[in-house]
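Coordinate inspection notes
Residue-level listing of the chains:
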Amino acid sequence: DAGVTQSPTHLIKTRGQHVTLRCSPISGHKSVSWYQQVLGQGPQFIFQYYEKEERGRGNFPDRFSARQFPNYSSELNVNALLLGDSALYLCASSPSTPRDLASGGYEQYFGPGTRLTVT
Amino acid sequence: ELKVEQNPLFLSMQEGKNYTIYCNYSTTSDRLYWYRQDPGKSLESLFVLLSNGAVKQEGRLMASLDTKARLSTLHITAAVHDLSATYFCAVDRDDKIIFGKGTRLHILP
């Protein structure tokens, strides 16, 4: 089975532009989460979606938005890009959600990431 | 606000030695996760710890969880060069997953 896929791999944008990042989860996984990882730091939680509904949101401005489609793939949109948005954006999929205690844990499978550079 | 702190942030050690990475978190959570990240790569799930006293082992790595102390440890036994990577712990609360800053582990041959 294919793992989590993300596109594009790399992206260079200019300040003020808009960007859309895409993620396809592992087949059968209904949960997708997005993270921002700045060089040398841990991943910062942006969003979690399950069954096309937003289940969790991190401390990011409204310029960041996301959605999940009926096939469980997801898009992360960032408007009015700032230099500080330069980072590795990671998508993770899971068959469950953190609150699904019966699943035995919330194991996430991460994609390779999209490296966004804002100039 | 949930905070996750790891220490040390950087560790250089000789092959064959044992060492422990510590992960403290600030509010109640019953689940803790450990991940590994190689340079330029994505994250790989190592352990999911679900309850107080949970202990899991895979090869030379062993993770444990003490929810009362809000502490998890990742113990490395007889380190080998292949274990060089950055290790992250993460805790979930209210559908948010909060990561520590990571421990960059460098094992010298």
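Scroll up for the structure.
All figures in this text were calculated on a predicted structure; none of them were measured in a lab.

Some remarks on the sheet that holds strand β7 (residues 64-68) of chain A
All names here are of chain A. Read from one edge to the other, the open sheet built from four strands follows the order β1-β3-β8-β7, with strand pairing classed as antiparallel. Strands with a single pairing partner mark the edges of an open sheet, and in this sheet they are β1 (5-7) and β7. The sheet shows a mean angle of 15° between the axes of neighbouring strands, direction not considered.

What about the state of the cysteines?
All told, the structure shown has two disulfides over all chains when counted by the stated rule. Here C23 of chain A connects covalently by a disulfide to C91 of chain A, the sulfurs 1.8 Å from one another. On the sign convention where negative means left-handed, the S-S torsion of about -60° between C23 of chain A and C91 of chain A marks this disulfide as left-handed. Remark: C91 of chain A occurs in strand β9 (residues 87-94) and C23 of chain A occurs in strand β3 (residues 19-24); sequence separation between them is 68 residues. You'll find C23 of chain A and C91 of chain A in the same group, each marked buried. Note that C23 of chain B is cross-linked by a disulfide to C89 of chain B, the S-S spacing being 2.0 Å. On the sign convention where negative is left-handed, the bridge of C23 of chain B and C89 of chain B, at about 80° about the S-S bond, is right-handed. One end of the pair, C23 of chain B, is in strand β3 (residues 19-25); the other, C89 of chain B, is in strand β9 (residues 85-93), with 66 residues separating them in the sequence. Judged on exposure class, the residue C23 of chain B and its partner C89 of chain B are both buried.

A few points about the pattern of salt bridges
Within this structure, the stated rule accounts for seven salt bridges over all chains. Taking the shortest distance from any N to any O, the salt bridge between R63 of chain A and D85 of chain A comes out at 2.8 Å. In this pair, R63 of chain A is assigned in the loop between β6 (53-57) and β7 and D85 of chain A in the loop between β8 (74-78) and β9, connecting sequence segments 22 residues apart. By relative accessible area, R63 of chain A is classed as buried at 19%. With a closest N to O distance of 2.7 Å, D92 of chain B and R31 of chain B form a salt bridge. Of this pair, D92 of chain B sits in strand β9 while R31 of chain B is found in the loop between β3 and β4 (32-37), placing the two residues 61 residues apart along the sequence. Residue class for D92 of chain B comes out buried when judged on its relative accessible area of 4%. Residue classification places R31 of chain B among the buried residues on the basis of a relative accessible area of 13%. The network of salt bridges with shared partners includes R22, R67 and E75 of chain A.

Notes on the interface of chain B and chain A
Listed by partner, the interface residues are 18 residues for chain B and 25 residues for chain A. Roughly 1800 Å² of surface becomes buried between chain B and chain A when both sides are summed, with 52% attributable to carbon and sulfur atoms. It is D95, I97 and F99 of chain B that lose the most area in chain B upon contact with chain A, and together they represent 32% of the buried surface on that side. Between the two partners, chain B and chain A, sit zero salt bridges. Across the contact surface, chain B and chain A share five residue pairs in polar contact (both at pLDDT 80 or more). Of all the elements in the fold, those that place two or more residues in the side of chain B that touches chain A are β4, β5 (43-49), β9 and β10 (96-99) of chain B.

Calculation criteria
- Residues numbered from 1 in each chain as written.
- Chains lettered and ligands numbered in written order.
- Predicted model: local features only at pLDDT ≥ 70, side-chain atom pairs only at ≥ 80, totals over all residues.
- Heavy atoms only, no water.
- Pairing = 2+ DSSP bridges.
- Helix = DSSP H or I, 4+ residues; strand = E, 2+ residues; numbered from the N terminus.
- Axes fitted to C-alpha atoms, helices over the stretch in contact; angles between N-to-C directions.
- Disulfide = S-S within 2.5 Å.
- Buried < 20%, exposed > 50% of the residue type's maximum accessible area, 1.4 Å probe, protein only.
- Salt bridge = Lys/Arg side-chain N within 4 Å of Asp/Glu carboxyl O.
- Contact = heavy atoms within 4.5 Å.
- Buried area = accessible area lost by both parts, 1.4 Å probe.
- Polar contact = N/O pair within 3.5 Å; in protein donor to acceptor, adjacent residues only side chain to side chain.

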